[in-house]
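# Coordinates in review
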Amino acid sequence: MKRRNLLAVLSIEAVLVAMSVLFLFPLLWLVSTALKPIEETMRIPPVWIPSKLMWSNFADAMTYGADKLGYIPFLVYARNTLILCVLVVAGTVASNTLVAYSFARLKWKGRDAMFAATLATMMVPFPVLMVPTFALFRQLEWIGTFRPLWVPAWFGSAFSIFLLRQFFRTIPFELSEAAKIDGASEWRVFRDVVLPLCKPAIAVVALFSFMGTWNDFLGPLIYLLDQKTFTLALGLQFYQSQHGGTQWNLLMAASTIVVAPVIVLFFFTQRLFIQGIALTGLK
Amino acid sequence: MNRLADFALPGFFLAVLATVWASERVVREDQPPGPVRITYWEKWTGFEGDAMRKVVDDFNKSQDRIFVQLLTVSNVQNKTMLATSAGIPPDVAGIFSANVAQFVDDRAVTPLDDFCREAGIGPEDYKPVYWNAVTYRGHVWALPSTPATTALHYNTAMMRRVGLDPGRPPRTIEELSEMADRMVQKGPDGRIRVAGFLPAEPGWWNWAWGYFFGGKLWDGNDRITANSPENVRAFEWVQSFPKKYGPNEVQTFRSGFGNFSSPQNAFMSEKVAMVLQGVWMYNFISMYNPKLEWAAAPFPHPADRPDLARTTIAEADVLIIPRGAKHPREAFEFIRYVNSRKGMETLCLLQRKNSPLTDVSEEFWRRHPNPHIRLFDSLAASPNAVGVPKLGIWAEYSAELNNAFEEIGLLRKTPKEALDAVTERMQPKLDQYLKRLRLREQAEAPR
Amino acid sequence: MSKRKHNLVGYLFALPWFIGFSVFLAYPLAASIYFSFCDYSVLKKPVFIGLDNYRELFADEVFWITVKNTAIYAAISLPAGMVMALGLAMLLNAKVPGTTFFRTVFFLPSLVPMVSLAVLWLWILNGEHGILNEVLRMVGIQGPNWLGDPAWSKPALVVLGVWGVGNAVLIYLAGLQDVPTSLVEAAELDGASPWQKTRHVTIPMISPVILFNLIMGIIGTLQVFTVPYVMFPGGSPARSTYFYAMYLFDNAFLYNKMGYASAMGWIMFLAIFALTMLSLKLTEKHVHYGGGGTA
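Residues numbered from 1 in each chain as written. Chains lettered and ligands numbered in written order. Predicted model: local features only at pLDDT ≥ 70, side-chain atom pairs only at ≥ 80, totals over all residues. Heavy atoms only, no water.

## A word on the overall build of chain C
The secondary structure content of chain C amounts to 14 helices and 2 strands. Expressed as lengths along the three principal axes of its C-alpha atoms, the size of chain C is roughly 75 × 70 × 30 Å. Sequence-distant contacts in chain C: of pairs separated by 6 or more residues, those separated by 24 or more amount to 66%. Surface accessibility of chain C: about 12,100 Å² in total, with carbon and sulfur atoms responsible for 69%. Charged side chains in chain C number 17 positive and 14 negative. The centres of these two groups are separated by 11 Å. (Helix = DSSP H or I, 4+ residues; strand = E, 2+ residues; numbered from the N terminus. Contact = heavy atoms within 4.5 Å. Areas by Shrake-Rupley, 256 points an atom, 1.4 Å probe, with all protein chains shown as cover. Lys, Arg positive; Asp, Glu negative; His and termini not counted. Charge placed at Lys NZ, Arg CZ, Asp CG, Glu CD.)

## What about the sheet that holds strand S7 (residues 150-155) of chain B?
Residues and elements named next belong to chain B. Across the sheet, 5 strands lie side by side as S8-S9-S10-S7-S11; this open sheet has mixed pairing. Each edge of the open sheet is held by one strand with a lone partner, namely strand S8 (185-186) and strand S11 (294-297). Both S8 and strand S9 (residues 192-197) contribute to a ladder of 2 bridges, which runs antiparallel. Looking at S9, one finds that glutamine 185 is bridged to valine 194. (Pairing = 2+ DSSP bridges.)

## Examining the interface of chain C and chain A
Chain C puts 99 residues into the contact, and the matching count from chain A is 99 residues. Taking both partners together, chain C and chain A bury about 8,900 Å²; carbon and sulfur atoms supply 80% of that area. Counting the surface chain C buries against chain A, the share from its top three residues, Phe13, Trp17 and Trp123 of chain C, is 10%. Our count for the chain C to chain A interface comes out at 0 salt bridges. Seen at the junction of chain C and chain A, the total is 5 residue pairs in polar contact (both at pLDDT 80 or more). The biggest single contributor to the side of chain C that touches chain A is helix H1 (residues 3-35) of chain C, with 22 residues. In terms of residue class, the side of chain C that touches chain A is made up of 76 nonpolar, 19 polar and 4 charged. (Buried area = accessible area lost by both parts, 1.4 Å probe. Salt bridge = Lys/Arg side-chain N within 4 Å of Asp/Glu carboxyl O. Polar contact = N/O pair within 3.5 Å; in protein donor to acceptor, adjacent residues only side chain to side chain. Nonpolar A, V, L, I, M, F, W, Y, C, P; charged D, E, K, R; others polar.)

## Some words on the packing of aromatic side chains
Residue and element names in this part refer to chain B. Taken as a whole and assessed by the stated rule, the structure comprises 68 aromatic pairs over all chains. Ring centres of tryptophan 209 and phenylalanine 299 lie 5.7 Å apart, and the angle between their planes is 50°; this geometry places the pair in the tilted category. One end of the pair, tryptophan 209, is in helix H10 (residues 209-212); the other, phenylalanine 299, is in the loop between S11 and strand S12 (312-313), with 90 residues separating them in the sequence. Note on tryptophan 209: relative accessible area 2%, which makes it buried. (Phe/Tyr/Trp six-rings, centres within 6.5 Å; stacked < 30°, edge-to-face > 60°. Buried < 20%, exposed > 50% of the residue type's maximum accessible area, 1.4 Å probe, protein only.)

## Quick notes on the pattern of salt bridges
In the structure shown here, the tally under the stated rule is 41 salt bridges over all chains. A salt bridge links arginine 65 of chain B to glutamate 333 of chain B; the shortest N-O distance between them is 3.7 Å. Of this pair, arginine 65 of chain B sits in the loop between helix H3 (46-62) and strand S2 (66-72) while glutamate 333 of chain B is found in helix H14 (residues 328-338), placing the two residues 268 residues apart along the sequence. When salt bridges that share partners are traced, they join Glu396, Glu400, Arg425, Lys429, Lys435 and Arg436 of chain B together with Asp52, Arg55, Glu56, Asp60, Arg239 and Lys257 of chain C into one network.

## A few points about unusual backbone geometry
All names here are of chain B. With omega at 0°, the peptide bond leading from glutamate 201 into proline 202 counts as cis. Mapped onto the secondary structure, proline 202 falls in the loop between S9 and H10. Positive phi outside glycine occurs at arginine 310, with the angle close to 60°. Its place among the elements puts arginine 310 in the loop between S11 and S12. With phi around 60°, leucine 411 is a residue other than glycine that occupies positive phi space. Looking at the element boundaries, leucine 411 is found in the loop between helix H18 (394-409) and helix H19 (415-444).

## So, the sheet that holds strand S13 (residues 315-320) of chain B
Residues and elements named next belong to chain B. Taken in spatial order, the 5 strands of this open sheet run S2-S1-S3-S13-S6, and their pairing is mixed. Each of the sheet's edge strands pairs with one partner strand only, and the pair in question is S2 and strand S6 (143-148). For this sheet, the mean angle separating the axes of adjacent strands, direction not counted, is 20°. In this sheet, S13 lies alongside S6 in antiparallel orientation, the contact comprising 5 bridges. Paired with proline 144 across the two strands is valine 318, which belongs to S13. Contacts between H3 and the sheet are confined to strand S1 (36-42) and S2, with S2 contributing the most and set at about 165° to the helix. (Axes fitted to C-alpha atoms, helices over the stretch in contact; angles between N-to-C directions.)

## Details of the confidence of the model for chain C
Scored by pLDDT, chain C comes out at a mean of 85, with 97% of its residues at no less than 70. Ignoring residues within four places in sequence, the model shows residues 291-295 of chain C, a span with pLDDT below 50, making 10 contacts including any to other chains. (pLDDT = per-residue confidence, 0-100.)

The following block contains the structure:
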């Protein structure tokens with residue numbers, strides 16, 4: 001019995017290691033290319049480890065195009081992306097906690113019907129909304145500004161509401177009752193009793209919305225007009241096609257810089273994150 | 001007190017939001033006092049952008065009533081269309097002549113007839129093919145910024161190496177094929193190392209091959225003619241290359257080419273000896289491989305069609321005033337400056353292109369660095385110079401032709417099948433399109 | 001508190017969503033129904049043309065090509081992704097040393113922005129200089145021209161999709177950690193083999209999670225856009241990677257046929273709706289909602 005167990009553990013470990021290699025390989029190739037001198041990127045057979053580590057590629061990638069445009073596009077894109085991320089994450093957390101609280105812990109007429117409708121909208125694909133939403137933002141004269149990209153986040157999203165509601169329901173109702181007997185308003189109960197207990201779920205929602213915004217391509221592609229307002233995800237494509245001449249090492253360096261913050265963020269939040277997913281009972 | 005504290009946080013949030021909202025003036029900037037500021041969106045980056053910037057600076061310095069602000073916008077035709085629909089268009093936009101018909105049919109552009117009449121600008125000022133490119137349905141909608149013509153660019157050193165006379169470029173299509181075959185080199189593994197000519201390189205005019213064989217893509221009225229015998233013949237010639245060299249071998253060979261604007265460009269790195277390219281090619285050669293030995297000649301014609309000699313694709317970058325622009329009059333002032341001989345020659349010299357104007361100064365010829373500039377200029381005046389078909393559904397039609405080109409390149413269809421499919425698909429689209437245009441005109445006609 | 005006051009507080013808390021729901025969902029949905037019956041471009045007023053758009057769509061060869069491509073892609077990548085994700089999650093759940101590390105490794109690719117991801121794989125899959133073919137060559141296989149050969153472009157996208165299953169892995173893992181150990185131990189005492197344990201205890205216990213991932217997967221794969229849009233301009237080669245959402249986007253923003261695009265959007269919505277209902281129906285008997293806190 002014991003021997004069989006050891007064998008099982010070893011074989012599982014072996015499979016995991018093999019899969020990790022497959023999963024890590026493209027990322028390692030990304031970093032390796034990012035550190036190569038240009039002439040080594042196209043060599044056959046390929047160069048695995050750069051003969052010389054070109055850290056300057058990162059600096060070059062970040063200042064790429066600055067001489068032509070009069071500003072440093074990479075920094076401008078990064079700033080835009082950060083502004084948007086902050087606005088969207090704040091909006092997502094602020095609005096969805098309120099709404100989910102209402103769905104999970106308050107009783108009102110039409111609540112269950114509204115919740116069913118909310119779940120149904122998760123099936124609406126973005127392309128369906130693309131044309132009329134564009135027309136709407138056009139009427140509002142928001143095209144060319146960041147507003148179409150962040151304002152909706154302040155008005156709730158079905159997925160986050162669903163996730164948070166599941167979590168809110170696991171908090172014992174006795175806690176709110178006790179607070180109310182002490183004279184707390186609904187707002188106080190929400191802010192001081194329920195919210196502090198829901199940090200993992202809020203972290204999940206925040207991280208998902210951060211990643212969604214950081215990676216969003218289609219939204220900025222449709223709504224942003226001026227290059228100075230572009231985000232990193234949109235800007236990366238511009239790196240590739242602008243001059244036609246793709247300098248793979250610079251492009252990969254730029255991609256590395258774009259990927260790195262998200263990975264770091266995940267490293268620091270992963271425990272909270274997985275706990276959050278586990279507890280929301282996504283099922 | 002307690003209540004107040006309760007709402008401090010949300011209140012703070014709202015205040016921050018209001019500030020962000022108000023501070024967001026990405027597009028609608030207030031007009032400062034002084035000269036009228038007009039915005040101008042242009043697609044160019046690099047040296048072509050620098051050239052336009054110089055012209056804009058010259059214009060701004062030449063007078064003090066108007067100040068042009070030049071912005072680089074990628075994918076400019078899409079962005080201009082979206083901005084125009086959103087009611088915040090730039091005052092001037094630099095699009096391609098191929099976009100004009102769609103912009104007109106979509107009511108996205110201001111007609112320039114009155115402005116041109118006032119300024120005394122007319123057809124006699126331009127080479128016919130370019131004037132033709134900016135007119136549509138009897139009106140003038142744009143004026144050229146820089147034009148281009150295409151010709152065969154060939155590597156003289158590579159010709160010499162295989163025993164061909166570098167002073168005698170191919171004159172007929174048949175000669176071109178024959179020379180191309182002689183230049184092919186394969187590695188020991190059977191993979192192509194060097195090619196003489198590939199219709200898919202650079203792949204920018206996949207729709208145009210029919211014109212070199214006397215074909216047309218539509219009758220100018222309401223019929224799609226993609227599958228005319230001339231067009232089929234052209235695609236048969238195109239397909240002869242993957243047939244000879246193997247479709248997968250060609251694909252793999254091509255996937256190894258660097259991008260156009262790089263030293264790894266197929267022509268610049270001597271992987272392909274002959275290409276159909278535009279007047280701008282000189283500039284890229286001098287940037288990336290100045291030692292390359294090359295020359296240019298009119299693209300060959302079929303041996304049995306000497307009447308098709310000197311066929312060239314003549315496209316132009318054009319300036320439009322989008323509908324709803326705030327300062328159309330000032331915008332036209334700028335367009336007019338670009339189209340003056342001085343403005344135009346500055347721009348075309350710096351961009352290394354030919355001039356669209358009939359009146360060209362001696363100095364232009366003297367200062368132009370491209371040794372073959374007179375060839376490109378004379379090609380523009382050729383009766384066989386062809387422009388992009390002026391069709392509102394051109395974007396879709398050209399996507400369709402591109403797809404047909406890919407399918408015959410992979411030997412998935414015969415040229416006849418591929419072009420029949422294009423015609424079958426586009427004819428109902430064109431019928432539908434024209435019907436809806438008529439319906440709309442009726443609906444919008446004053447009663 | 002009176003009932004009316006209860007209602008009022010509830011509405012106040014849900015107010016953002018009432019606005020968001022009506023302005024950013026209900027209104028656009030209703031508008032897109034109307035647009036789908038119109039000749040409409042951004043600059044022209046919509047003109048009602050009845051069922052013309054739908055009629056044209058069903059006769060449109062490219063529409064069917066994109067439907068076919070999308071269906072094939074979904075049919076391959078959805079099961080592949082689900083099996084991969086579930087398998088990895090089960091391995092990770094096996095309490096072997098280093099799970100924290102492996103967990104991060106499998107999740108890493110889903111953190112990569114789609115555009116970087118597309119660009120990175122363009123480079124890996126390149127027929128001439130690509131590292132993948134180089135690795136294949138080392139083991140004696142002549143790799144295909146992934147990006148240029150219509151037979152291989154879709155498989156290339158599937159590989160890429162499987163690489164990004166990290167999200168689903170995490171969700172499975174969370175579900176697996178909720179499976180009571182007592183149940184598994186009971187099965188062990190009864191002498192169940194590992195396969196029997198998986199088949200009769202674990203899978204039923206996490207069936208709601210599988211259903212959730214299935215539905216999210218359907219919605220996601222049918223909408224596939226960014227990666228092929230960046231990797232294969234125009235759906236090349238020979239439209240083998242021209243997907244539904246790409247054609248919809250081109251119609252809306254390239255050809256300015258917004259009515260046509262709206263009709264396509266509605267067909268897509270109905271397809272997703274039907275597929276979701278179908279999966280709910282088919283799995284009804286097999287999904288076990290045990291424990292608390294179910295949806």
